[in-house]
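Fold and geometry: a report
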Amino acid sequence: MTNVSEAQAAERIQAIRDGVKLTPEEIAEHTQALVGYKYTVDDYYEVGREKVREHARAVQDTNPVHWNEAKAREMGHDTLVAAPTFVSVLGIIAQRRLFEDVITGYDLWQIMQSDQRLVFHRPIKVGDHLICDVSLDSFRQMSGTDLMVTKNVVWNQHNEPVMTTWTSLAARAAIEVDPALVDKIEHVMMSEPPGIDPGKTVNGPFARYTDPDPAVDPKPYAAIDFDTLTVGQELPARTFKLTRGNLINYAGVAGDPNPIHYSDEVAKVAGLQDVVAHGMQTMGLGASFIGEFIGDPAAIYEYNVRFTSPVYVPADDFAAVDFTGKVKSLDPDTRRGQISIVAKQGDRKIFGRALVSVQFN
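Every chain is numbered independently, its residues counted from 1 as its sequence is written. Local features in this predicted model are restricted to residues whose pLDDT is 70 or higher, and side-chain atom pairs enter the listing and the counts only when it is 80 or higher, whereas totals over whole chains, interfaces and linings include all residues. The side-chain figures draw on all heavy atoms in the structure; neither hydrogens nor water molecules are used.

Within an unreviewed UniProt entry, the label attached to the chain reads Acyl dehydratase, and the organism entered is Williamsia marianensis. UniProt positions are given in the numbering used here, feature names are shortened, and annotations may be inferred rather than shown by experiment. Per UniProt, the comment on the chain under Sequence similarities (unreviewed entry) is "Belongs to the enoyl-CoA hydratase/isomerase family."

As structure tokens, this is what we get:
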């Protein structure tokens, strides 16, 4: 539960919007007080046919459920199904609102994603109107860094739960940034026209805020047969190639304009060896790798990744990301299993831990 009432939270947020300058200690206190505070993004996100395909291309996923309606129907779906990490498109919108209007004092380009957990209640599909409930799930400080977990519960227009996600983030509040760096960022960040107002199509708060998390009830759809699998079985290895073009394309598809993904100058001053791929882009490649093996990615009902190292992408060459995996566990009673993934760039591990839970046939 939140430590402040909704009225108190609104008063705090309004004070910050009015230009009240907070110290790092005050920002931490404000953020801690908002643990458990919930709101709903004002506008729904409508899932389009071509957006599903654009995202699948961005994560190099050729599974027919994302591309071919006739084949998707053969696999048990009434329309195209989005790739497992498609929610990142909606997540960018929700996170921007969270850090611009609710939890303030952190620069988005200085916030690092460390863990991502996705729980799937049903596949995201073309025609869905996605409605996102957002909350700050936890907050703590360690070694001068603010560590927080944000939670999104995503619903469709039929009041059916679609996904629950948890994102772990690390940030430093109210850092005095070199004016030269600010100038560089302002000259490479995407420019947006002022005055955009999509209106309010969703009117929270909702009574469901106090409900338990939605239950998981996975379906196998067109996944492979459970009886063909054995614990310890290795998946066919696969290598994905990422170029700067892939990064820029993903940034456009996902709506994530963070300059560390395309600007050498900003990456350098941010202390990175080179421009880096988006964490959700590499997680998306992992889902593509798993989907190819299991046959139907809609059978994935949970996907967890801990990010330990970024994928560096040079200006004049591609970055190769090697994926391997094995069947970690199988439950004959439920016909479910877990698959562990290893992702590497050269000898460097990209994921510290990556597990996918699947409902097999």
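Still more to cover.
Look at the UniProt record and you will see "domain: MaoC-like" (unreviewed entry) annotated at residues 231-325. The span residues 231-325 shows a helical share of 35% and a strand share of 21%, and its end C-alpha atoms are spaced 12 Å apart. For helices the rule is a DSSP run of H or I covering at least 4 residues; for strands it is a run of E covering at least 2, with both sets numbered from the N terminus onward.

Working definition: an aromatic ring pair is given by the centre-to-centre distance plus the angle between the planes. When two rings of Phe, Tyr or Trp (its six-membered ring) have centres within 6.5 Å they constitute a pair, described as stacked for plane angles under 30 degrees, edge-to-face for angles over 60, and tilted for the intermediate range. Tallying each qualifying case throughout the model produces 8 aromatic pairs. Seen in terms of ring centroids, Phe-240 and Phe-323 are 5.4 Å apart; in terms of plane orientation they differ by 90°. Their pairing is edge-to-face. One end of the pair, Phe-240, is in strand β7 (residues 238-242); the other, Phe-323, is in strand β9 (residues 319-331), and 83 residues separate them in sequence. Accessible area is worked out with a 1.4 Å probe on protein chains only. A residue is then buried under 20% of its type maximum, exposed over 50%, and partly exposed in between. Given the relative accessible area of 1%, Phe-323 is considered buried. Ring geometry for Phe-289 against Phe-323: centres 5.8 Å apart, planes inclined by 35°, an arrangement best described as tilted. Here Phe-323 lies in strand β9 and Phe-289 lies in helix α9 (residues 279-294), a separation of 34 residues in the sequence. Taken together, the ring pairs connect Phe-240, Phe-289, Phe-307, Phe-323 and Phe-351 into an aromatic cluster.

A cavity here means a set of 1 Å grid points, computed over protein atoms only, where a 1.4 Å probe fits but cannot escape. A pocket is an open set with protein on both sides within 12 Å along at least 5 of 7 lines, and lining residues have an atom within 4 Å of a point. Grid points are joined across faces, edges and corners, and a volume is the space filled by probe spheres set on the points. What the rule picks out here adds up to 1 cavity of 30 Å³ or more. Space inside the largest cavity adds up to approximately 30 Å³. Forming the walls of the largest cavity are Leu-34, Tyr-37, Tyr-39, Leu-98, Val-102, Ile-103, Val-134, Ser-135 and Leu-136. Among the secondary structure elements, those contributing two or more residues to the lining of the largest cavity are α5 (87-102) and β4 (129-142). Looking at the lining of the largest cavity, the element that brings in the most residues is β4, giving 3 residues.

Quick look at the side chain of Gln-281 now. The residue Gln-281 is located in helix α9 in this model. A relative accessible area of 0% means that Gln-281 is categorised as buried. Engagement of the side chain of Gln-281 in a polar contact is seen with the backbone oxygen of Asn-246, the distance being 3.3 Å. Any N or O atom pair separated by 3.5 Å or less is treated as a polar contact, with the protein-specific requirement of one donor-capable and one acceptor-capable atom, and with residues adjacent in sequence counted only for side-chain atom pairs.

This brings us to the pairing of strand β3 (residues 112-120). The two faces of a sheet get side chains in turn, since along a regular strand they alternate between them. By this definition, two strands are paired if DSSP reports at least two bridges between them. The sheet contact formed by β3 and strand β6 (residues 161-171) spans 8 bridges and is antiparallel. For Phe-120, the partnering residue across the bridge sits in β6 and is Met-163. By the bridge criterion, 5 bridges tie β3 to strand β8 (residues 300-307) in an arrangement that is antiparallel. For Leu-118, the partnering residue across the bridge sits in β8 and is Tyr-303.

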